[in-house]
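Chain by chain, the residues run as shown.
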Amino acid sequence: MSSLSRELVFLILQFLDEEKFKETVHKLEQESGFFFNMKYFEDEVHNGNWDEVEKYLSGFTKVDDNRYSMKIFFEIRKQKYLEALDKHDRSKGVEILVKDLKVFATFNEELFKEITQLLTLENFRENEQLSKYGDTKSARAIMLVELKKLIEANPLFRDKLQFPNLKNSRLRTLINQSLNWQHQLCKNPRPNPDIKTLFVDHSCGQPNGARAPSPANNPLLGSLPKAGAFPPLGAHGPFQPAPAQVPAPLAGWMSNPSTVTHPGVSGAAIGLGASSIPAALKHPRTPPSNPSVDYPSADSEHVAKRTRPMGISDEVNLPVNVLPVPFQGHGHSQAFGAPDDLPRAVARILNQGSSPMSMDFHPVQQTLLLVGTNVGDIALWEVGSRERLVSKNFKVWDLSACSMPLQAALVKDPAVSVNRVIWSPDGSLFGVAYSRHIVQIYSYHVGEEVRQHLEIDAHTGGVNDIAFSHPNKQLCVITCGDDKAIKVWDATNGTKQYTFEGHEAPVYSVCPHYKENIQFIFSTAVDGKIKAWLYDNMGSRVDYEAPGRWCTTMAYSADGTRLFSCGTSKEGESYIVEWNESEGAVKRTYQGFRKRSLGVVQFDTTKNRYLAAGDDFSIKFWDMDNVQPLTSFDADGGLPASPRIRFNKDGSLLAVSTNDNGLKILANSDGMRLLRTLENLSYDASRSAEAPKPTINPISAAAAAAAAATSAGLAERSASVTAITGMNGGARNMVDVKPRITEESSDKSKIWKLTEINEPSQCRSLRLPENLRVTKISRLIFTNSGNAILALASNAIHLLWKWQRSDRNSNGKATASVSPQLWQPPSGILMTNDVADTNPEEAVPCFALSKNDSYVMSASGGKISLFNMMTFKTMATFMPPPPAATFLAFHPQDNNIIAIGMDDSTIQIYNVRVDEVKSKLKGHSKRITGLAFSHALNVLISSGADSQLCVWNTDGWEKQKSRFLQLAIYETTKLDYIKQWVPRDSSAPITLRCRINPNAYLPSSVSSNVHPLVIAAHPMNSFICLALDTLPNLA
């Protein structure tokens, strides 16, 4: 078979797996013999499907091919034989002995006789060599370890254990390119062709004079993402069980087992003794070089079903007969579109006063920056308002509780530096690691002072790094130090949980992580050794060498699928590399460092796409998929040779240290917008020096809709308010709510100036189309791009208004000076929901937009519908009532997952692609009224008609907390009141900024009984739109 034909088979394998044709995938793997799927083989062995195991193996080797193959088949048949004897099924045992095991008598007659003797024993464990045989499950696991060693050593499996490194949906991409190229060659290309077949070349029908859309901007088939490019840690991952002795000769029919070194096995050779490794480590997935063929593990909580070819990746996977046309103004992407979108504009310059050594942005309020310096100071900056909210000098809280070595060291030399500062995952704690023995943990709740939480005399010598982790769902602090140890502490009371020893040099950094619920820690030492630890006392699982063999830090990409390290050697050579976790080998090494770095280079990652490092008096950037530097800049100068750098969570801000003991905050356009928002919300600069400083109040996920309704410049841009007939209740796919500042002042006279909107000229009104018989709008939302308004009418029809380019609006952006136009695709079809038999007026309509506005999920009391916003075609309908959907929300990381609130009080977590309910959440007693995700906190917030708020963990979908509602601002994870709001209370944390007089949007001829029904806010600018009851106009 030619090389291209072979590659085509791999593309077909990838496609079949993406479409869940599991049996066909494995049949093709076997028949082609190109790829041995170790994950599938393991599952079949664990399940004892011996006929399928041997059948699958037969596609790659036969019993007598070589000594490795012979031992593989022997081990399988021996296990089958022992299991029959263990069940006291002697007839089955005799059958296996004669049919399966006798073939090996030619090679080892004595072994065959000994196996036969087992038939005479009441329990084969009476044989000394089998006395440690456990139960069936553990015996299969032990055997599997040996089988994997033999397979990896077998030359017949060479180059068949790694799947090619393909991008997702590669075959679909090639078809895209072909169809788009065919469309480009059409004599009269239509702007919205309907491609219905792949069997013949595409050709447009009747000419319409339109230009063909660009292939680059017009993909036919969306890609289907897979859950992570790296497999869970297991026998092919970096963590290996401690070796055990191989029982002889019965446990292995060769007297001298293979001693071949296997690249997939780190540390020591694998034995066949009882394994202490957790169950999930015994079930690794396909090797990570295959990021697309990512088969579910045998332990998955649900079994994937083969369904229609539908799914949502970056967006929904389109059927073949739909060619999407670019939707003007819609094109949000979470990744940077170009280097120009990197945070490179100097937006803030802050004077710290001493040299910053470590920085960390708050995980939720992304303009809060924590800084630790070389003299032991820590500071908390609100970079939006340029205010230092907290400043603390180093001080031991309780010297009498410290060890004598620490007391002696401080007396001898009181100078202390901060080595690391870091926030806990929810931002309620932060930790400080010092150069002398101790770590200090502070608690920080918005609106309150920073408080001392824990002081731990952690290490002898310096504490070089600190991190937070959640092993066993318990928040812990991880530290490492000059004493060559890694220690794990309870973050609540400071109790030491674990001590990991094994490094032979001071430990420089720690990097905790988890995969498939397996928690682990990477550590690096100054001798260049990298080790990995589970939360047990079994010692290090790996022993790698870091490039440079000196000071190295490690970090994962934001989605946790790619592992990177950055280090500098003693000679000044610096390295950033990406690791292949399954092999413990460097996957790629990034170029572009100064030949002799002046200091230890620091780095960071952002957006699952970019790497950044401080080197050569500048900040250098790389695309993760390209080893050549992407760009670099010096932030207008003044940077040290190896500046410290830190991104905020969404990559819109970058903090960098400067030569003059200060900080520069770099921003992209989103970051500048965020900073302006906070700046606009600050008090006037003329406030007296005695006025209290602002405090940063978090806006919980449950209050996301209220947060969106308050826009940055509302008080100053009263003319820029658009009112439109519509209703709130749509779910925008907000990854995290932007932070906002509220000011508290004892001086009640200094309040915001209230803006009044009284004139009709300050609004724009639109008339609902009479031909659609729309009398009332039930739901209303701005698109995420802000350039269109989507409405759901009470008769289940969707309406879309878009701002078009014109002489008065050259950029096509949302504006109050020009009215948006009702838009429909050329086909004229409407997006119409399924309607139940009940009265539509009694239904609870709901919808949610995908993150790039290309798709909408919607329901009006009947089935849930999935629509393509570019063609208005119905892509799927599902979940017929009862119960009926009452609220919808997309998962912020995976648009295949949606949360569906139901009228029976449950919340269903639904996988669109496989058409399956993953989890059903029960905690409310009445219908669900609201849902909002927080990616930063890994929670889903729900509200119900029972007046309850519930917090659900998105990892396992367990309920964390619930509380009955009051009008208040809540801390998200614990639902503690931060501020409670009583209307007309002058000290309330919510201040009225703008008031719109009804005369501004109601015609004088309209009855006074007409009232606003719902409201929606522009996601970025100070526009709002509202819907009026029984009025056929949009205002």
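Everything numeric here is computed off the predicted structure, so don't read it as measured data.

A short note on the sheet that holds strand β45 (residues 906-911)
Here four strands make up an open sheet; going across it, the order is β43-β44-β45-β46 and the pairing antiparallel. On the outer flanks of this sheet lie β43 (885-890) and β46 (916-922), each paired with one strand and no other. Between one strand axis and the next, the sheet turns through 20 degrees on average, direction left out of account.

Details of the UniProt feature "repeat: WD" (unreviewed entry) in the protein chain
Those residues carrying the UniProt feature "repeat: WD" (unreviewed entry) are residues 456-499, 601-632 and 921-962 in this numbering. As annotated, residues 601-632 has a helix share of 0% and a strand share of 62%, and its two end C-alpha atoms lie 15 Å apart.

Description of the confidence of the model for the protein chain
Residues at a pLDDT of 70 or more form 74% of the protein chain, whose mean pLDDT is 76. Considering each helix and strand of the protein chain separately, the mean pLDDT is smallest for helix α12 (residues 704-709), with a value of 32, and largest for strand β13 (residues 476-481), with 96. Every residue in residues 683-729 scores below 50 in pLDDT, and together they form 154 contacts with partners more than four places removed in sequence or on other chains.

Some thoughts on helix α7 (residues 109-117)
Among the residues of α7, those classed as buried are Leu111, Phe112 and Ile115. Mapping the buried residues of α7 onto a view down its axis gives an arc of 100 degrees, with all of them on the same face. Across from the buried face of α7, at angles greater than 90 degrees, the exposed residues are Glu110 and Gln117. Packed against the buried residues of α7 are α5 (67-86) and α6 (90-101).

Observations concerning the packing of helix α4 (residues 50-57) against α5
The interhelical angle for the contact between α4 and α5, taken along N-to-C directions, is 175 degrees, at an axis separation of 11 Å. Judged by the inter-axis angle, α4 sits roughly antiparallel to α5. Residues Trp50, Val53, Glu54 and Leu57 of α4 form the contact with α5, whose participating residues are Ile72, Phe73, Ile76, Arg77, Gln79, Lys80 and Glu83. Its residues assigned to classes, the contact of α4 with α5 comprises six nonpolar, one polar and four charged.

So, the pattern of salt bridges
For the structure on display, the rule yields 26 salt bridges. A salt bridge links glutamate 42 to lysine 148, with the shortest nitrogen-to-oxygen separation between them at 3.3 Å. On the criterion of sequence distance, the pair formed by glutamate 42 in helix α3 (residues 38-47) and lysine 148 in helix α8 (residues 136-153) is long-range, its members being 106 residues apart. Lysine 148 carries the same exposure label as glutamate 42, and that label is buried. Of the charged contacts in the structure, one is a salt bridge between lysine 473 and glutamate 958, with a shortest N-O distance of 2.9 Å. Here lysine 473 is found in the loop between β12 (463-469) and β13, whereas its partner glutamate 958 is found in the loop between β49 (948-953) and β50 (959-964), with 485 residues between them in sequence. Salt bridges here are not isolated pairs; linked through shared partners, they connect Arg562, Glu578, Arg588 and Asp625.

Let's talk about the pairing of β43
Where burial is concerned, most of β43 is hidden: six out of the six residues are buried. Of the pairings in the sheet, the one linking β43 to strand β44 (residues 897-902) comprises five bridges and is antiparallel in character. The partner of phenylalanine 887 across the bridge, within β44, is glycine 901.

What about unusual backbone geometry?
Here proline 881 and proline 882 are connected by a cis peptide whose omega angle stands at -5 degrees. Following the sequence through the fold, proline 882 ends up in the loop between β42 (874-878) and β43. Here proline 882 and proline 883 are connected by a cis peptide whose omega angle stands at -10 degrees. The topology assignment puts proline 883 in the loop between β42 and β43. Backbone geometry places alanine 635, a non-glycine residue, at a positive phi of 55 degrees. Mapping alanine 635 onto the fold places it in the loop between β27 (629-633) and β28 (645-647). Even without being a glycine, asparagine 661 presents a positive backbone phi close to 60 degrees. Looking at where asparagine 661 falls in the secondary structure, it is placed in the loop between β29 (653-657) and β30 (662-667). Since its relative accessible area comes to 29%, asparagine 661 is described here as partly exposed.

Criteria and cut-off values
- Residues numbered from 1 in each chain as written.
- Predicted model: local features only at pLDDT ≥ 70, side-chain atom pairs only at ≥ 80, totals over all residues.
- Heavy atoms only, no water.
- Pairing = 2+ DSSP bridges.
- Helix = DSSP H or I, 4+ residues; strand = E, 2+ residues; numbered from the N terminus.
- Axes fitted to C-alpha atoms, helices over the stretch in contact; angles between N-to-C directions.
- UniProt positions renumbered as here; feature names shortened; annotations may be inferred.
- pLDDT = per-residue confidence, 0-100.
- Contact = heavy atoms within 4.5 Å.
- Buried < 20%, exposed > 50% of the residue type's maximum accessible area, 1.4 Å probe, protein only.
- Arc of directions from axis to C-beta.
- Parallel < 35°, antiparallel > 145°, perpendicular 65-115°, else oblique.
- Nonpolar A, V, L, I, M, F, W, Y, C, P; charged D, E, K, R; others polar.
- Salt bridge = Lys/Arg side-chain N within 4 Å of Asp/Glu carboxyl O.

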